[in-house]
Amino acid sequence: FTDLLSELNDVESLADIEKEKLISILNSHVISESNIISSELPIGTVETLGDSFELDGTTITDQQGRSIAISRTDVQAGNGVVHVLDAVILPDEDFNLDTTTTVVQMIVENTGSSSYLVSEIIGDEVVTDVNTENSTWNLSVGTRYELTITGASQHPFEIQDANGNVLLSQDSEGSFETDPAVDFITDGLQFEFTLTPELASEIALYICSQHSSMQGSITVS
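Residues numbered from 1 in each chain as written. Predicted model: local features only at pLDDT ≥ 70, side-chain atom pairs only at ≥ 80, totals over all residues. Heavy atoms only, no water.

**What to know about the layout of surface pockets**
- A volume near 1200 Å³ is recorded for the largest pocket.
- For the lining of the largest pocket, the secondary-structure elements that each account for two or more residues are helix H1 (2-7) and helix H3 (197-200).
- Top element by residues in the lining of the largest pocket is H1. It accounts for five residues.
- Here the residues of the lining of the largest pocket sort into nine nonpolar, 15 polar and nine charged.
- Of the volumes computed, that of the second largest pocket is approximately 570 Å³.
- Listed by contribution, the elements that provide at least two residues to the lining of the second largest pocket are strand E2 (53-56), strand E4 (67-77) and strand E5 (80-85).
- Of the residues forming the lining of the second largest pocket, the biggest block, six residues, is contributed by E5.
- The residue makeup of the lining of the second largest pocket, split by class, is 16 nonpolar, seven polar and no charged. (1 Å grid on protein atoms, 1.4 Å probe; cavity = no way out; pocket = protein on both sides within 12 Å on 5 of 7 lines; lining within 4 Å. Points joined across faces, edges and corners; volume = space filled by probe spheres on them. Helix = DSSP H or I, 4+ residues; strand = E, 2+ residues; numbered from the N terminus. Nonpolar A, V, L, I, M, F, W, Y, C, P; charged D, E, K, R; others polar.)

**Some words on a negative patch on the surface**
- A surface patch of negative charge is lined by Glu 18, Glu 20, Asp 92, Glu 93 and Asp 94.
- Residue placement: Asp 94 occurs in the loop between E5 and strand E6 (103-111).
- On the accessibility criterion, Asp 94 (63% relative accessible area) is exposed. (Patch = residues over 30% accessible without salt bridge, like charges linked within 9 Å, V, L, I, M, F, W, Y side chains within 5 Å. Areas by Shrake-Rupley, 256 points an atom, 1.4 Å probe, with all protein chains shown as cover. Salt bridge = Lys/Arg side-chain N within 4 Å of Asp/Glu carboxyl O. Lys, Arg positive; Asp, Glu negative; His and termini not counted. Charge placed at Lys NZ, Arg CZ, Asp CG, Glu CD. Buried < 20%, exposed > 50% of the residue type's maximum accessible area, 1.4 Å probe, protein only.)

Structure, rendered in structure tokens:
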């Protein structure tokens, strides 16, 4: 709910949300008389006590068109089972949502064929320590990242999952490159993408496709 408050314009606390709207929000998270474990989650429209949402695997699309990931499943309670989400489901109500996309620009340089390092970050996120070789990056869902890979011709930049599968790449074909929500752009030195919940659920590391020593971990908040 703290994250939700940052999405809503003219709202500073839950007390600023009308009572009926707040009840509708809370009810949109409850499926009555159900104890559905993750292996039995349906695909398609799910009816709740508040409003319906669309479910595809572990991704929810609410009535505002927002993508929400199920981050943890099968927390068994005394009167049902809980699945943990990374955002608040919103029903079909009039919410003044802030739809501005946060943009972070990064200059990614390299030290020979041994490492990448970020020399400059422009934006409101502290993604990583600058001028630190193969540092860990912390990315935020919903942010658009515009990277300039200064050595792209010799050190093509790539993003992979934990199993080494390519998600986005400058010289290969990644599984998220045609996703319109990710809006992946690679042109010369540029490497741009929006971190969607779906991409965030798989992203694990950045790496040079030609030199495996040039890699670092990616975490998500």
